[in-house]
Amino acid sequence: AYDVEVVDTMNEIYVASPKYGLNSDGVFYMAHVDGPWGIFPFASTFRCMVAVNLNKQIKTSFPMVPAGYTLSDGDAVAFDFNREVHLISDNKERNEGFRICLKIHYTTYPRVLRPWGKLLTYLTNRYNKNARALFLATIAPGSIAAKMSARFVLATTYLTERVETLIGMNNLVLLACLGLASMLIHPYIFLVATSFTHYLIYIGTFYSRRDIAFGAFKRDAMLFKTLALGHLAYYYIKNFSLDAISLACIIVGYSIAAAATRALGIDKTYFGSELGHCQPKYVSAFPYNCIPHPMIVGAVIGLLGFHKMEGFRREMPYLVPVHIGLYLLHMTQEIFDFHRNRKFASAASSSVKKEH
């Protein structure tokens, strides 16, 4: 069971500026995250924006979903204060007056973790007060110090957004904890925990297909896939001895996978059609015109290239077999289109299958 705690001290009425320039009001036109406490697992502070008056001009967008809303006269949208990347932009239509929004805040947390949720509420509230004070001081910067403060606000906003968009605060905490566990408990904890996570993300997302933040899914899948390839490359270089067949398999295999990604496009590669973000389209370009499931087939050939080298195989005898086993499991899921709403359906056309 969860508790929902209203954070009255953060609630406010916000009037959107008709223009922005070198002042902290510009952060709302940048992709940004409102707070820095996305590192807190199991609890969230939400901001709910309620439009007070007619608005045709200003649109609020969430690029990691992706979604966008022109909130007007009673419309509302809620999002995670410390995690959700968002920004505002101007539509072609113009408002006759200012856009006015009511910002309401609340924190949710499991009842068994009430102290943890209370701590998040306190820290978010303190940050919001300090950020608001700095924001008000830099709305119209006149002095050199005020202008420097405005630049600081914009720079830190940009850096925070980049971390959330490219890595994710939750992922950052997870990786730090796994790294610490590897140092204190066993050196392979980080390796094992980050080598196969992307397969679980693929399988779970393909099966669920509902309420998926497409941008966050792509970020997480690409992050953990990059880590997995980094592990493979590290142990390959560490144990390198010239093996022409091994090198040929790696080059040929990953070239096929890369060509398949290029033919599909990055969004379709990551289930864009299945999740409703892309229009399904028949693909006949190489390698789909001659190789079935070329992305997975190419990746498996590349993995076998790693495993072919004796030094790599001696130090990491199980790494590649587990990779291949999980790839084949996911390929089976795709072939039989096994998901929440269509279990054990007949195999769909390979032209709309997306592999990794």
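Reading the values: the criteria
Residues numbered from 1 in each chain as written. Predicted model: local features only at pLDDT ≥ 70, side-chain atom pairs only at ≥ 80, totals over all residues. Heavy atoms only, no water. Helix = DSSP H or I, 4+ residues; strand = E, 2+ residues; numbered from the N terminus. Expected span 1.5 Å × (residues − 1). Buried < 20%, exposed > 50% of the residue type's maximum accessible area, 1.4 Å probe, protein only. Contact = heavy atoms within 4.5 Å. Axes fitted to C-alpha atoms, helices over the stretch in contact; angles between N-to-C directions. Parallel < 35°, antiparallel > 145°, perpendicular 65-115°, else oblique. Nonpolar A, V, L, I, M, F, W, Y, C, P; charged D, E, K, R; others polar. Salt bridge = Lys/Arg side-chain N within 4 Å of Asp/Glu carboxyl O. 1 Å grid on protein atoms, 1.4 Å probe; cavity = no way out; pocket = protein on both sides within 12 Å on 5 of 7 lines; lining within 4 Å. Points joined across faces, edges and corners; volume = space filled by probe spheres on them. Core = buried A, V, L, I, M, F, W, Y, C linked by side-chain atoms within 4.5 Å. Pairing = 2+ DSSP bridges. pLDDT = per-residue confidence, 0-100.

A few words now on helix α11 (residues 319–335). If you check α11, its first and last C-alpha atoms are 25 Å apart, about what 17 residues at 1.5 Å a residue would give, namely 24 Å. Buried residues of α11: Leu-319, Val-320, His-323, Ile-324, Leu-326, Tyr-327, His-330, Met-331, Gln-333 and Glu-334, and no others. If you follow the buried residues of α11, they end up packed against α4 (189–195), α5 (197–208), α6 (214–238), α9 (294–308) and α10 (310–315). Just downstream of α11, Asp-337 is the residue with a positive phi angle, here 50°.

Here α9 crosses α11 at 170°, and the two axes come no closer than 10 Å. With respect to their mutual orientation, α9 and α11 come out roughly antiparallel. Contacts between α9 and α11 involve Ile-296, Ala-299, Val-300, Leu-303, Leu-304, Phe-306 and His-307 from the former and Val-320, Pro-321, His-323, Ile-324, Tyr-327, Met-331 and Glu-334 from the latter. Split into classes, the residues belonging to the contact of α9 with α11 amount to 11 nonpolar, two polar and one charged.

Turning our attention to the pattern of salt bridges. For the structure on display, the rule yields 15 salt bridges. For Asp-34, the salt bridge is made with Arg-47, and the minimal N-O distance between the two is 3.3 Å. One end of the pair, Asp-34, is in the loop between β2 (12–15) and β3 (44–51); the other, Arg-47, is in strand β3, with 13 residues separating them in the sequence. Look at Asp-34 and you get buried, because its relative accessible area is 11%. Residue class for Arg-47 comes out buried when judged on its relative accessible area of 4%. Between Arg-314 and Glu-310 there is a salt bridge whose closest N-O contact spans 3.2 Å. Of this pair, Arg-314 and Glu-310 are both found in helix α10, four residues apart, which corresponds to roughly one turn of the helix. One continuous salt-bridge network, built from bridges that share partners, spans Asp-3, Arg-111 and Arg-114.

Time to look at the layout of surface pockets. For the second largest pocket, the calculated volume is near 220 Å³. Lining the second largest pocket we find 14 residues, and of these Lys-225, Leu-229, Ala-257, Thr-261 and Tyr-270 sit closest to its centre. Put simply, the parts of the chain that give the lining of the second largest pocket at least two residues each are α6, α7 (244–264), α8 (266–269) and α9. For the lining of the second largest pocket, the residue count by class is 10 nonpolar, three polar and one charged.

Our next topic: the nonpolar core. With 33 residues, the main nonpolar core has Phe-217, Leu-232, Phe-306, Phe-312, Val-320 and Tyr-327 as its most contacted residues. Elements with a contribution of two residues or more to this core: α5, α6, α9 and α11. No other element matches α6, which puts eight residues into this core. Other than its neighbours up to four places away in sequence, Val-320 contacts Leu-232, Leu-303, Leu-304, Phe-306, His-307 and Phe-312.

Here the focus is the sheet that holds strand β5 (residues 67–69). In space, the three strands of this open sheet follow the order β5-β4-β7, with antiparallel pairing throughout. The sheet is open, and its two borders are formed by β5 and β7 (87–90), each paired with just one other strand. Strand-to-strand, the axes of this sheet are offset by a mean angle of 30°, without reference to chain direction. Looking at chain direction, strand β4 (residues 58–62) and β5 are connected through three bridges and run antiparallel. Bridge assignment links Phe-62 to a residue of β5, and that residue is Ala-67.

Attention now moves to the confidence of the model for the chain. Low pLDDT marks regions whose predicted coordinates should not be analysed in detail. Across the chain, the average pLDDT comes to 90, with 92% of residues at or above 70. No element of the chain has a lower mean pLDDT than helix α2 (residues 144–166), which averages 85, and none a higher one than α4, which averages 98. Every residue in residues 344–355 scores below 50 in pLDDT, and together they form 35 contacts with partners more than four places removed in sequence or on other chains.

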